[in-house]
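For reference, the chains in residue letters:
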Amino acid sequence: MKKIYLIRHAKSSWKEEGKSDFERGLNKRGKRDLKYMANRLKSFRVMPDLILSSPAKRAKKTAIEIAKTIGYKVNDISFQDSLYDSSVNSYLYLLDSLDNKYDSIFIVGHNPTITEVGEFLSGAILTNMPTCSIVCIEFSTDSFQNIKEGSGKILFFDYPKKHNETTAQ
């Protein structure tokens, strides 16, 4: 069995004029939501074998905060250029290249691609993964190379606004 956790980066800031899209950090809500969602993963004892992330600042900060919170070694995060400004095919190529010693992986990326990948892999209609959302998809295979369109089953789809009362503090 393989599990892929697709994680959309936390809410980014548009305040700093002149910064490129790649360099945008997180805003106040993004930081709050990220802390909340990272603690949810920790409370359910979710620990990946590998974290892959876009190297864009907002995705990088999301991956690092989650890793710190759950006790994953930050230095073991693999930042993949192919996850920024990517396509479904980029994700499939990345999955195809993974060592099968990993059973559970986090992928931190961007919309619209991360939503498209979740829909492609699960056959479900997600419509839109909100910022800081997590979709966990399980596959009945021991090989990432066997993962195909619609071959996964969504175990959960969680995001901060589902817990509005808790995150609004």
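Details of the structure are given in the entry above.
The shown structure was predicted, so the numbers you read here are calculated from the model rather than taken from an experiment.

**Q** Tell me about the pattern of salt bridges, residues and numbers included.
**A** For the structure shown, the criterion picks out six salt bridges. Two residues, D21 and R58, come together in a salt bridge whose shortest N-O distance is 3.1 Å. Highlighted residues: D21 in the loop between strand 1 (2-8) and helix 1 (28-43) and R58 in helix 2 (residues 57-70), separated in sequence by 37 residues. Assessed through its relative accessible area of 33%, D21 is described here as partly exposed. Each of D21, R24 and R58 takes part in a single network of salt bridges with overlapping partners.

**Q** How would you sum up the packing of helix 1 against helix 2? Please name residues and give values.
**A** Each packed pair of helices is defined by two parameters, the angle between the axes and the distance between the axes. At a minimum axis distance of 9 Å, the contact between helix 1 and helix 2 shows a crossing angle of 40°. As judged from the angle between their axes, helix 1 and helix 2 are oblique. In this structure, helix 1 crosses over helix 2, and the sense of that crossing is right-handed. The segment helix 1 lies against helix 2, with L34, A38, N39, L41 and K42 engaging K61, T62, E65, I66, T69 and I70.

Cut-off values and rules
- Positions within a chain are numbered from 1, following the residues in the order the chain's sequence is written.
- Only residues with pLDDT of 70 or above have their local features reported here, since the model is predicted, and side-chain atom pairs are shown and tallied only from 80 upward, although totals for entire chains, interfaces and linings are computed over all residues.
- Only hydrogens and water are set aside; all other atoms, that is, all heavy atoms of the structure, feed into the side-chain values.
- One speaks of a salt bridge when a side-chain nitrogen belonging to Lys or Arg is within 4 Å of a carboxyl oxygen belonging to Asp or Glu.
- Counting from the N terminus, the helices are the DSSP runs of H or I reaching at least four residues and the strands are the DSSP runs of E reaching at least two.
- Three exposure classes are used, based on accessible area relative to the maximum for each residue type with a 1.4 Å probe and protein chains only: buried under 20%, partly exposed in between, and exposed over 50%.
- Only C-alpha atoms enter the line fits that serve as axes; for helices the fit covers just the stretch in contact. Angles between N-to-C directions range over 0 to 180 degrees.
- Each angle gets one of four labels, with under 35 degrees taken as roughly parallel, over 145 as roughly antiparallel, 65 to 115 as roughly perpendicular, and the rest as oblique.
- Should the near helix be turned anticlockwise from the far one by less than a right angle, the crossing is left-handed, and should it be turned clockwise, the crossing is right-handed.
- Contacts were defined at the residue level, with two residues in contact if any of their heavy atoms lie within 4.5 Å.

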